[in-house]
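Results of the structural survey
As a plain string of letters, each chain reads:
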Amino acid sequence: MGLFAKGLLCAVAVLSVETVMAGSGFSLDPAVDRTCEIVVPDQPIPAEETAARLLVRHLPKMLKGIEIRVVREGDPAQDGAKRILVGSTAALQRAGFDVSSWGIEDELVAAREGVLYIAGGRPRGARYAVADFLERFGVTVTADDTEIDPPLDVLSWEEKDDLRRRPFFPVRYTATPAIRQIILNEFNKYNAYRHGTAEWGGYAAYGRYGDCHTFCRYSQEFPTDDPEVFALVKGVRKVPHKPGLSAPLCPSSPKTLVLFLKALERDVAASFEREKRDGRPRPLLYEISMDDELTTCECATCRRIAEEEGAFAGVMLTLVNPLARRLAQLDPEAKMTMLAYQNTALCPRRIRPEPNVLPRICVQDREWMMNVDAEVGFPVAHPGNARFLDNLSRWRAGGRRYGVWEYWEYYTKGMFPYLFPRTYAEDLRYYADTGAENILIECEQVRMSFYQFKVWYALKLMDDPRADERKLISRFFQAHYGKAATPMLSYFVRLSKACEREMAAAPMGTRAFADYAYLDEDFYRESYGCLAKAEDAVQDDARSLVHVRAEYLALDRSLLRPDKRNVVARLGLSRKALIGRLRACEPAYLENLYGVNSDAARRELASTANFLAGETIEAPLPPEVKGAVVFDFKYNSFPAYRDWTFLRDDPDALGGKATEISGGKNFKGVFHKLPFTMGIYNALRPKGEEVGAEKMLADGAGARAACNKELGVYVVAMGTAEITGSKAKAKTVARMEALKNIGEYLGSQVSAS
């Protein structure tokens, strides 16, 4: 075990709340003090009132016996009461602190002559300063259900302990379902969209159509009577069949630019009007980026620019740059952002972004097999990411500020245990050192290993990328797992080190799950041993027990894969036992995460039920297929998605269910006549009734795309062991556009034996 791991394990045993020794500053002592007044300005802004409420929420739990109450500055002071002044009070000015010109997130905590001042730039500075003040005394919020308020004998702050700081990155957010965790995000300084109330102090707002893939939103308002603004693909303009639908656009068309300019001018004018009318800060970021797909315009102009620049991002900049120049005239403080993602990831040869354009570099894994994707298991500055780093360096040439959208998860490999905490910390430090100012961390899969840790860790590192990572990790484990901190940290360290060794042997992104050597019998046995000890330690702590059992999700789901059947047997487990444990653990975890009876919880619980019901489908493989390539391919391989893809009962399909794409209000486009049904069907049909999948795709409404013997894919019919097809390598249907990434849905590829 390395020094990093040993340091972490020791830290859990010795980490304690630092007590600032009493001096000439401010102190609260329950043995002496009876009342503490939280004083806000006579006309506080909502965020200052929120800051005061945070103190009222936490201090009484830390200092038993002291009454904590909020008063206005003009109210008579109670004799003998200690005072904490929050926000831009007149007394703050008299004490020598002028924060009127401070930045909107600048923080101040200072003690003078027995009074504590917690303030900062408006609107968010005071709220953030309260969070830092409370954290100094051990308050930790790791999730909406976990607020740790350690009891104190005395709370004191010396005059020499002035705290003046601001969060390091100006824009900080996570793309995760944890965005719904208001308490977690409020305390840990999440400051991007969706949490923009005045009580939060506003947020780093984007323009009308948000922070990503805005082509689809803009295209919905473009007229359909002029095909030139839409992308040319295989000789056909991708014009929506009716107004209001989204479609890929042609960035190089002058008509496209005119439409975007009109929309930009309208939106900027509306933002100034709203700011004047409601006092709501206007957006200072406007995103122009392609949709989340691989479609690019193939018109002569787009192709010429892309060839000259060696990158389609050059084509995008022919649209973005003139928009940015106009934005500079409309609002000199605003910036235009643009995703460097998928087909726009490569930096162009000659065209450079305008000074007010902030390219946002997407750090997604090479699992996608795109042009310059990184290996997310390596730090971005690792030699294994040299090509990606070269591209990043060209985007930020000349000291350009930039943004980052970094993935802390795999998408195409299914659920399995993995973790790279050292990489996460090194990456945030690298971005801090090289001019990044806009950070988004994506970790959307709530069932992945240490999901809640990743969300919390991302927020803490975006606030302070140079924080001691070992102290952060230890702090999280003590708070989130209580008495189970030590065995849970043992599992955390074991998993992290195993993934580091796996990456050292060969990058994980381009390899299949079945190739990962660390996921062997010893790893599972030792990992389950850690979780068993953790469960025993918190049997009397329901909250921590849910947190501990959440780590079974990735472990157990990975063992349900066909190539782990032998491991399951050697561990003395069974698929039935694994499914039973998941049915017990997942609902409790999901309801804890999303809230009981919430729509999000209901969706996730339905997803869990469908997945586990699919895993119970068993059809033995006959000897005829020994040595052949087999896909564990059931109805739960086609996940229900948002509001346009649903699981439907179908007695003819494997498992009695199929997937129906029926469209919906958020459906991005139409690639086939709807409804379109996909399922796994028995290819053994009476002679003359077999239908090739290619023909099925062209049949129209209700057509079924079946994997049958014409594709060489083995299909197990429900309730039988009938197998058909040659022993040739399995093929897939490239034209089945519903399966954008067939590898994501096919499940585990194994060799039958």
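So, the overall build of the chain
Each helix and strand counted, the chain has 22 helices and 24 strands in total. A buried classification covers 56% of the 753 residues belonging to the chain. Per element, the accessible surface of the chain, about 31,300 Å² overall, is 51% carbon and sulfur.

Focus on helix H16 (residues 542-549)
Buried within H16 are the following residues: Ser544, Leu545, His547 and Val548. The arc that holds every buried residue of H16, seen down its axis, measures 160°, which confines them to one face. Contact partners of the buried residues in H16: strand E8 (146-148), helix H13 (469-481), helix H14 (485-505), helix H15 (521-537), helix H17 (552-559) and helix H19 (575-594).

Some details on the packing of aromatic side chains
Tallying each qualifying case throughout the model produces 37 aromatic pairs. Residues Phe450 and Phe477 carry aromatic rings whose centres are separated by 5.8 Å and whose planes lie at 45° to one another, so their mutual orientation is tilted. With Phe450 in the loop between strand E18 (436-442) and helix H12 (451-463) and Phe477 in helix H13, this pair connects stretches of sequence that are 27 residues apart. In terms of burial, Phe450 and Phe477 fall into one category: buried. The interplanar angle of 20° and the centroid separation of 6.3 Å between the aromatic rings of Tyr516 and Tyr518 together place this pair among those described as stacked. Each member of the pair, Tyr516 together with Tyr518, is buried. Cluster of aromatic residues (ring-pair linked, three or more members): Tyr410, Phe416, Tyr418, Phe420, Phe513, Tyr516, Tyr518, Phe523, Tyr524, Tyr528 and Tyr552. Positioned above the aromatic ring of Phe26, the side-chain terminus of Lys82 is 6.0 Å from the ring centre. Over the aromatic face of Tyr410 sits the side chain of Lys413, whose NZ or CZ is 5.6 Å from the ring centroid.

Some points on the side chain of Asp365
Secondary-structure assignment places Asp365 in the loop between strand E16 (357-363) and helix H10 (386-395). Salt bridges are absent for the buried Asp365, whose nearest opposite-charge side chain, Lys413, sits at 5.7 Å. One polar contact links the side chain of Asp365 to the main-chain amide nitrogen of Glu367, over a distance of 2.8 Å. Polar side-chain contacts of Asp365 include one of 2.8 Å to the backbone nitrogen of Val376. Each residue touching Asp365, except ones within four places of it in the same chain, is listed here: Asp373, Ala374, Glu375, Val376, Gly377, Tyr410 and Gly509.

Topic: the pairing of strand E15 (residues 335-340)
The side chains of a regular strand alternate between the sheet's two faces. Most of E15 is tucked away, with 5 of its 6 residues classed as buried. Where strand E14 (residues 285-287) lies against E15, 3 bridges are found, and the strand directions are parallel. By the bridge assignment, Leu285 is partnered in E15 with Lys335.

Quick notes on the sheet that holds strand E6 (residues 115-120)
Spatial ordering of the open sheet is given by E3-E2-E4-E6-E5-E10, a layout of 6 strands whose pairing is mixed. Each end of this open sheet is capped by a strand with a single partner; those strands are strand E3 (67-72) and strand E10 (163-165). The average angle at which neighbouring strand axes cross in this sheet is 20°, direction not considered. Examined bridge by bridge, strand E4 (residues 82-86) and E6 share 3 bridges and lie parallel to one another. When the bridges of E6 are listed, Val86 appears paired with Ile118.

Quick word on the nonpolar core
Grouped together as the largest cluster of nonpolar side chains are 151 residues, with contacts concentrated most on Phe477 and Tyr518. In terms of residues, this core owes the most to one element, H14, which gives 10 residues. The residues touching Tyr518, leaving out its near neighbours within four places in the chain, are Phe416, Pro417, Tyr418, Leu495, Ala498, Cys499, Glu502, Met508 and Phe523. Judged by nonpolar contacts, the second largest core, of 33 residues, contains Leu28, Ile38, Leu54 and Leu59.

Observations concerning the sheet that holds E16
Read across the sheet, 6 strands follow the order E11-E18-E17-E16-E15-E14 without closing on themselves; strand pairing throughout is parallel. Sheet topology places strand E11 (171-175) and E14 at the edges, where each strand pairs with a single neighbour. Here the strands of the sheet are splayed against their neighbours by 20° on average, with no regard to which way each runs. Direction of pairing for E15 relative to E16: parallel, over a ladder of 5 bridges. Considered in E16, the bridge of Met338 is made with Pro359.

Overview of the packing of helix H2 (residues 46-62) against helix H4 (residues 125-136)
Where H2 meets H4, the closest approach of the two axes is 8 Å, and the angle between their N-to-C directions is 15°. Comparing the axis directions of H2 and H4 gives the class roughly parallel. Of the two possible hands of crossing, H2 and H4 adopt the one that is left-handed. Residues Ala47, Glu48, Thr50, Ala51, Leu54, Leu55, His58, Leu59 and Met62 of H2 touch H4, and the partners they reach there are Ala126, Arg127, Val130, Phe133 and Leu134.

Side note on the packing of helix H7 (residues 254-278) against helix H9 (residues 313-330)
Relative orientation of the contacting elements H7 and H9 amounts to 30°, with a least axis distance of 10 Å. Viewed along their axes, H7 and H9 adopt a mutual orientation that is roughly parallel. Both H7 and H9 take part in a crossing whose hand is right-handed. From H7, Thr256, Leu257, Phe260, Leu261, Leu264, Glu265, Val268 and Phe272 reach across to H9, where they touch Leu319, Pro322, Leu323, Arg326, Leu327 and Leu330.

Let's talk about empty space enclosed by the protein
If you walk through the whole model with that rule in mind, you get 7 cavities of 30 Å³ or more. Approximately 170 Å³ is the volume attributed to the largest cavity. Taken together, 20 residues form the lining of the largest cavity, with Gln452, His480, His547, Ala550 and Tyr589 sitting closest to its centre. Counting residues per element, the ones that place at least two in the lining of the largest cavity are H12, H13 and H19. Here the lining of the largest cavity is built from residues that sort into 11 nonpolar, 5 polar and 4 charged.

Remarks on the confidence of the model for the chain
Of all residues in the chain, 79% have pLDDT values of 70 or greater, and the mean over the chain is 83. Scored below 50 in pLDDT, residues 10-23 makes 28 contacts in the model with residues more than four places away or belonging to other chains. A low-confidence stretch, residues 683-753 (pLDDT under 50), is modelled with 153 contacts involving residues beyond four sequence positions or located in other chains.

As for unusual backbone geometry
With omega at 10°, the peptide bond leading from Arg122 into Pro123 counts as cis. Along the polypeptide, Pro123 turns up in the loop between E6 and H4. With a phi angle near 70°, Lys189 is a residue other than glycine that sits in the positive phi range. Structurally, Lys189 is set in the loop between helix H5 (182-187) and helix H6 (215-219). One non-glycine residue, Phe450, adopts positive backbone phi at about 50°.

Side note on the side chain of Glu147
Position of Glu147 relative to the elements: it lies in strand E8. Among the residues examined, Glu147 registers a relative accessible area of 18% and is labelled buried. There is a polar contact of 2.7 Å between the side chain of Glu147 and the side chain of Arg57. Those residues in contact with Glu147 that lie beyond four places of it in its chain are Arg57, His58, Thr140, Val141, Ile183 and Arg543.

Parameters and conventions
Residues numbered from 1 in each chain as written. Predicted model: local features only at pLDDT ≥ 70, side-chain atom pairs only at ≥ 80, totals over all residues. Heavy atoms only, no water. Helix = DSSP H or I, 4+ residues; strand = E, 2+ residues; numbered from the N terminus. Buried < 20%, exposed > 50% of the residue type's maximum accessible area, 1.4 Å probe, protein only. Areas by Shrake-Rupley, 256 points an atom, 1.4 Å probe, with all protein chains shown as cover. Arc of directions from axis to C-beta. Contact = heavy atoms within 4.5 Å. Phe/Tyr/Trp six-rings, centres within 6.5 Å; stacked < 30°, edge-to-face > 60°. Lys NZ or Arg CZ within 6 Å of the ring centre and 35° of its normal. Lys, Arg positive; Asp, Glu negative; His and termini not counted. Salt bridge = Lys/Arg side-chain N within 4 Å of Asp/Glu carboxyl O. Polar contact = N/O pair within 3.5 Å; in protein donor to acceptor, adjacent residues only side chain to side chain. Pairing = 2+ DSSP bridges. Axes fitted to C-alpha atoms, helices over the stretch in contact; angles between N-to-C directions. Core = buried A, V, L, I, M, F, W, Y, C linked by side-chain atoms within 4.5 Å. Parallel < 35°, antiparallel > 145°, perpendicular 65-115°, else oblique. Left-handed = near helix turned anticlockwise from the far one by under 90°. 1 Å grid on protein atoms, 1.4 Å probe; cavity = no way out; pocket = protein on both sides within 12 Å on 5 of 7 lines; lining within 4 Å. Points joined across faces, edges and corners; volume = space filled by probe spheres on them. Nonpolar A, V, L, I, M, F, W, Y, C, P; charged D, E, K, R; others polar. pLDDT = per-residue confidence, 0-100.

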